[in-house]
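Observations on chain architecture
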Amino acid sequence: MAHSALSQVSVTVPLQTDSSFRRSTFKATSVTFSDRSSWISIPPIDLKAPRSRNQHIVCMSVQQASKAKVSVSPLSLEDAKEPPLNIYKPREPYTATIVSVERLVGPKAPGETCHIVIDHDGNLPYWEGQSYGVIPPGENPKKPGSPHNVRLYSIASTRYGDSFDGKTASLCVRRAVYYDPETGKEDPSKNGVCSNFLCDSKPGDKVKITGPSGKIMLLPEDNPNATHIMIGTGTGVAPFRGYLRRMFMESVPTKFNGLAWLFLGVANTDSLLYDDEFTKYLNDYPGNFRYDRALSREQKNNKGGKMYVQDKIEEYSDEIFKLLDEGAHIYFCGLKGMMPGIQDTLKRVAEVRGESWEQKLSQLKKNKQWHVEVY
């Protein structure tokens with residue numbers, strides 16, 4: 001990477017006026033910005049200090065992009081014509097290092113979701129929309145003597161990472177916790193092995209990574225004026241965070257002039273992920289970004305029931321169908337349980353419009369406008 005522009009000792013992050021907003025800082029690295037008028041220096045916080053599981057820490061990398069975009073390097077990451085695929089495989093994974101682990105959600109969120117920054121030192125490049133595989137330590141209980149199976153996680157950063165130097169990747173991980181239905185108490189023996197390993201990791205810990213993998217969620221950039229409709233539930237927002245940072249935060253050769261429209265479904269306000277980041281884009285790029293939240297435990301749909309992402313889709317269905325007819329890309333990411341409700345809604349809307357959803361879906365897939373990654 002070029003070092004000529006990297007002369008600062010500490011990272012600068014923008015001033016946040018909301019007094020309730022709490023943050024920690026970046027990994028100590030140097031980043032150059034085109035305009036520093038709205039940025040202030042924040043002293044480092046000790047990420048190694050002990051914290052309780054329920055402590056509320058806002059992600060360190062929820063930086064607010066000023067309209068002056070952030071310089072990134074190395075720009076040689078733009079040169080490849082095809083995405084990197086499976087550079088490291090399960091039999092010989094890459095050993096990366098944990099940079100930071102931070103709680104993303106507030107105290108009233110059901111469960112814990114963490115933002116995890118991993119240092120791959122530039123050896124595991126990826127494109128926005130791809131996934132890493134993680135192999136947790138220990139042996140597979142179903143195959144004694146063998147390592148655990150690979151768990152796939154959508155990458156939540158651009159190819160330049162949260163440090164903008166092409167050496168890190170970020171994951172958005174919800175801690176999988178099992179509660180006994182009879183006692184209501186947590187049963188650690190049945191908790192998710194990999195998610196708990198990642199959420200419990202400390203800076204400096206080692207983590208075995210495979211990949212990158214996946215092509216279905218890659219961000220098409222052949223048309224800078226295209227429309228991208230993103231529908232995510234919970235940690236399914238991960239790839240969309242990468243897209244949006246590339247579109248609105250980073251100074252990259254591909255200049256985005258189209259429309260990005262994010263629908264995010266979570267339980268409540270405390271469960272919103274990267275909300276300050278997205279809200280800043282909304283303020284800075286109102287003509288290029290739209291952001292709709294579906295808070296199932298706080299909002300009601302027009303039938304008086306809980307508000308889910310499919311209800312938001314129905315609310316804006318005429319506009320969405322028109323955009324799809326004009327060539328918009330539509331992306332879905334999250335738990336696989338989200339798709340039946342969404343498909344039912346789209347089918348119902350299509351029928352009201354006198355269209356066949358099956359034919360429309362077939363055409364969207366044929367045109368490569370339809371992108372789904374659920375787990």
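If you're wondering where the values come from, they're calculated on a predicted model, not measured in any experiment.

1. A short note on the confidence of the model for the chain
Averaged over every residue, the pLDDT of the chain is 86; residues scoring 70 or more account for 82%. Predicted confidence for residues 1-65 stays below pLDDT 50, and this span has 148 contacts to residues more than four positions away or in other chains.

2. Brief notes about the pairing of strand 12 (residues 259-266)
Taken across its eight residues, strand 12 has eight buried, putting it largely inside the fold. Both faces of strand 12 are covered, namely the face carrying Leu259, Trp261, Phe263 and Gly265 and the face carrying Ala260, Leu262, Leu264 and Val266. Of the pairings in the sheet, the one linking strand 10 (residues 227-233) to strand 12 comprises seven bridges and is parallel in character. Counted as the bridge partner of glycine 232 is leucine 264 from strand 12. The parallel pair strand 12 and strand 13 (residues 289-295), bridged by helix 3 (residues 275-284), forms a crossover whose chirality is right-handed.

3. What to know about the pattern of salt bridges
Scanning the entire structure with this criterion turns up 24 salt bridges. Two residues, aspartate 325 and lysine 360, come together in a salt bridge whose shortest N-O distance is 2.5 Å. With aspartate 325 in helix 5 (residues 317-325) and lysine 360 in helix 7 (residues 357-366), the pair connects residues that are 35 residues apart, well separated along the chain. Residues participating in the shared-partner salt-bridge network are Glu78, Glu128, Arg159, Glu221 and Arg246.

4. Description of the sheet that holds strand 7 (residues 151-154)
Spatial ordering of the open sheet is given by 7-6-9-4-5-8, a layout of six strands whose pairing is antiparallel. Whereas interior strands pair on both sides, the edge strands pair on one side only; in this sheet they are strand 7 and strand 8 (168-174). For this sheet, the mean inter-axis angle between neighbouring strands, taken without regard to orientation, is 40°. Here seven bridges tie strand 5 (residues 113-119) to strand 8, and the two strands are oriented antiparallel to one another. Residue isoleucine 116 lies in a different strand from strand 8, and its bridge partner there is leucine 171.

Conventions used here
Residues numbered from 1 in each chain as written. Predicted model: local features only at pLDDT ≥ 70, side-chain atom pairs only at ≥ 80, totals over all residues. Heavy atoms only, no water. pLDDT = per-residue confidence, 0-100. Contact = heavy atoms within 4.5 Å. Buried < 20%, exposed > 50% of the residue type's maximum accessible area, 1.4 Å probe, protein only. Helix = DSSP H or I, 4+ residues; strand = E, 2+ residues; numbered from the N terminus. Pairing = 2+ DSSP bridges. Right-handed = clockwise from strand over helix to strand, strands pointing away. Salt bridge = Lys/Arg side-chain N within 4 Å of Asp/Glu carboxyl O. Axes fitted to C-alpha atoms, helices over the stretch in contact; angles between N-to-C directions.

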